[in-house]
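One letter stands for each residue in the lines below.
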Amino acid sequence: MSRVPTPITLPRPPDNRRALRRRRAAESTMAWTFVSPAVLIILGLSVVPIVWSLLLSFQADDLVTPSRWVGLDNYRALAQDPHFSQAVRNTLLYTALYVPASMAAGLLLALALNRRIRFVGLYRTLFFVPFVISSAAQGVLFSFILDPQFGAANAVLHYLGIPSQGFLNDPSQSLPVLVAISLWSGTGFCMVIYLAALQDVPASLIEAARLDGAGRFQVLRHVVVPTLRPVTVFLLLWQSIESLQTFDLVYVTTKGGPLGSTTVIVYFIWEQAFKNATAGYGAASAYVLAAALGLIGLILQIARRRLQGATA
């Protein structure tokens, strides 16, 4: 009697989708393990303070007693505060003087140093070194130099037969003097950025323009400057943000004086929040500044995109 052969059973193939899900879950767990410290730091030092200060701007808080909700009263008070209006005017004037001057001076220095001359590396370094010095150190240095009684600046003026100047102690001179100090340090940054951009200007375009009879000024106007437009927009945004947030130099040199002539918005925020113990009022002024910075950034982004679309 013949036997029925036993059927051969093959092992069931593993579920590839389940293994893939397990591998992805393990990779995700490992990734979050490495990323979580940075995420916690960002949440703790950035996101949480931003949300907390936004809520604080709608409250009356002196950092000691329990706060109370006041709604938009802080913002209404800012609109009627003459000291805040003065701080806004000072900040806008500082920005209007510093930003174009630093960019123009940086471009001129970059054009002068974008050539093969002796010790060009040393010259570039000397112009960039002031940018590395902190604003606090600059303020201390120039406070000694510009001291009305014992400063080196008035000593030089006296030697030249020029009357002594008040500099940082004169309400009519203090803000332009701060702009000059900022230019001493900020021009080097613009110079380095423009110098790097000049290296990317196609030499073929310059040679073609010269073959067509264009002079140096025409080459600069019609070839170099249009090529530098994206970098110019970046520097305009960067320098504007930096100037609107200036604080260290004012704090070290003038403390907002004399007579409020150098009180800028960030110093006004610090003064209201920590000196006058009106944290809610200071938070409201900080969000006014944040809204202004966001608007400037949006405008410059739109301008940059239109510029890219025009050159494409």
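Our structure's up above, just so we're on the same page.
Residues numbered from 1 in each chain as written. Predicted model: local features only at pLDDT ≥ 70, side-chain atom pairs only at ≥ 80, totals over all residues. Heavy atoms only, no water.

Asker: Looking at this structure, I do not really get the overall build of the protein chain. What am I missing?
Answerer: The secondary structure content of the protein chain amounts to 13 helices and 2 strands. In terms of overall dimensions, the protein chain is more spread out than a globule: its C-alpha atoms have a radius of gyration of 30 Å, far above the 20 Å expected for 312 residues. Taking all 312 residues of the protein chain together, the buried fraction comes to 33%. Within the protein chain, counting contacts between residues at least 6 apart in sequence, those at least 24 apart form 67% of the total. (Helix = DSSP H or I, 4+ residues; strand = E, 2+ residues; numbered from the N terminus. Rg over C-alpha atoms; globule rule 2.2 N^0.38 Å. Buried < 20%, exposed > 50% of the residue type's maximum accessible area, 1.4 Å probe, protein only. Contact = heavy atoms within 4.5 Å.)

Asker: Honestly, the nonpolar core in this entry has me stumped. Any pointers?
Answerer: Side chains of a nonpolar character, in soluble globular proteins, are inclined to be buried together. Within the largest apolar cluster, 46 residues are counted, with the highest numbers of intra-cluster contacts made by Leu146, Leu178, Ile181, Tyr194, Leu228, Leu235 and Leu289. The dominant element in this core, judged by the number of residues it contributes, is helix H7 (residues 174–198), at 12 residues. Beyond its immediate stretch of four places on either side in the chain, Leu235 contacts Met103, Phe189, Cys190, Ile193, Tyr194 and Ser240. Membership of the second largest hydrophobic core comes to 6 residues, among which are Phe84, Ala87, Phe268 and Ala284. (Core = buried A, V, L, I, M, F, W, Y, C linked by side-chain atoms within 4.5 Å.)

Asker: Sorry, what's going on with the layout of surface pockets here?
Answerer: Empty space among the atoms becomes apparent when a probe as large as a water molecule is rolled across them. For the largest pocket, the calculated volume is near 570 Å³. Contributing to the lining of the largest pocket are 16 residues, with Leu111, Asn114, Ile206, Arg210 and Val224 lying nearest its centre. Every element with two or more residues in the lining of the largest pocket is listed here: helix H3 (82–113), helix H8 (203–211) and helix H9 (216–227). The leading source of residues in the lining of the largest pocket is H9, at 5 residues. (1 Å grid on protein atoms, 1.4 Å probe; cavity = no way out; pocket = protein on both sides within 12 Å on 5 of 7 lines; lining within 4 Å. Points joined across faces, edges and corners; volume = space filled by probe spheres on them.)

Asker: Sorry, what's going on with the pattern of salt bridges here?
Answerer: In a structure, side chains of opposite charge can pair up when their charged atoms sit close to one another. Evaluated as defined, the whole model comprises 2 salt bridges. With a closest N to O distance of 2.8 Å, Asp73 and Arg76 form a salt bridge. Of this pair, Asp73 and Arg76 both sit in helix H2 (residues 73–80), separated by 3 residues, roughly a single helical turn. Here Lys275 makes a salt bridge to Glu271, at a shortest N to O gap of 3.9 Å. Placement of both Lys275 and Glu271 in helix H12 (residues 265–275) is noted, with a separation of 4 residues, approximately one turn of the helix. What makes Lys275 exposed here is its relative accessible area of 53%. (Salt bridge = Lys/Arg side-chain N within 4 Å of Asp/Glu carboxyl O.)

Asker: Help me out: how do you make sense of unusual backbone geometry in this one?
Answerer: The bulk of non-glycine residues show a negative phi, and the bulk of peptide bonds are trans. Between Gly257 and the following residue, Pro258, the backbone shows a cis peptide bond with an omega angle of -5°. Here Pro258 is to be found in the loop between helix H11 (248–253) and H12. Even without a glycine there, the phi angle at Phe119 is positive, about 60°. Residue classification places Phe119 among the partly exposed positions, given a relative accessible area of 49%. Phi at Phe167 takes a positive value of approximately 55°, unusual for a residue other than glycine. Looking at the secondary structure, you find Phe167 in the loop between helix H6 (152–159) and H7.

Asker: Would you take a moment to explain a nonpolar patch on the surface for this structure?
Answerer: A cluster of nonpolar side chains, Leu40, Ile42, Leu43, Val47, Val48, Ile50, Val51, Leu55 and Trp69, forms an exposed patch at the surface whose accessible area comes to about 880 Å². Per element, the largest residue contribution to the nonpolar patch is 8 residues, and it comes from helix H1 (residues 16–56). Looking at where Ile42 falls in the secondary structure, it is placed in helix H1. (Patch = residues over 30% accessible without salt bridge, like charges linked within 9 Å, V, L, I, M, F, W, Y side chains within 5 Å. Areas by Shrake-Rupley, 256 points an atom, 1.4 Å probe, with all protein chains shown as cover.)

Asker: What exactly am I supposed to notice about the environment of Gln86 here?
Answerer: One can find Gln86 in helix H3. By relative accessible area, which is 22% here, Gln86 ends up partly exposed. Considering only alpha carbons, one finds Gln86 and Gln138, 52 residues apart in sequence, at a separation of 25 Å.

Asker: Help me understand the side chain of Ser174, please; the structure alone is not making it clear to me.
Answerer: The topology assignment puts Ser174 in helix H7. With relative accessibility at 0%, the residue Ser174 sits in the buried group. Those residues within four positions of Ser174 in sequence are excluded, and the remaining contacts are Phe167, Leu168, Gly257, Pro258, Ser261 and Thr262.

Asker: Please clarify how helix H5 (residues 135–145) should be interpreted in this entry.
Answerer: Every α-helical turn comprises 3.6 residues, leaving residues that sit three or four positions apart pointing alike. Buried within H5 we find Gln138, Gly139 and Phe142. Summarising the axial view, the buried residues of H5 lie within an arc of 100°, below the 170-degree limit, and thus occupy one face. Residues of H5 that are buried sit in contact with helix H4 (120–132), H7 and H11. (Arc of directions from axis to C-beta.)

Asker: Could you clarify how one ought to interpret the packing of H5 against H7 in this entry?
Answerer: Helix packing geometry: the angle between the two helix axes and the distance between the axes. Interhelical geometry of H5 versus H7 gives an angle of 130° and a closest axis separation of 11 Å. Comparing the axis directions of H5 and H7 gives the class oblique. The element H5 and its partner H7 pack so that their crossing is right-handed. Each of Gln138, Leu141 and Phe142 in H5 lies in contact with H7, whose residues at this interface are Ile181, Trp184 and Ser185. (Axes fitted to C-alpha atoms, helices over the stretch in contact; angles between N-to-C directions. Parallel < 35°, antiparallel > 145°, perpendicular 65-115°, else oblique. Left-handed = near helix turned anticlockwise from the far one by under 90°.)

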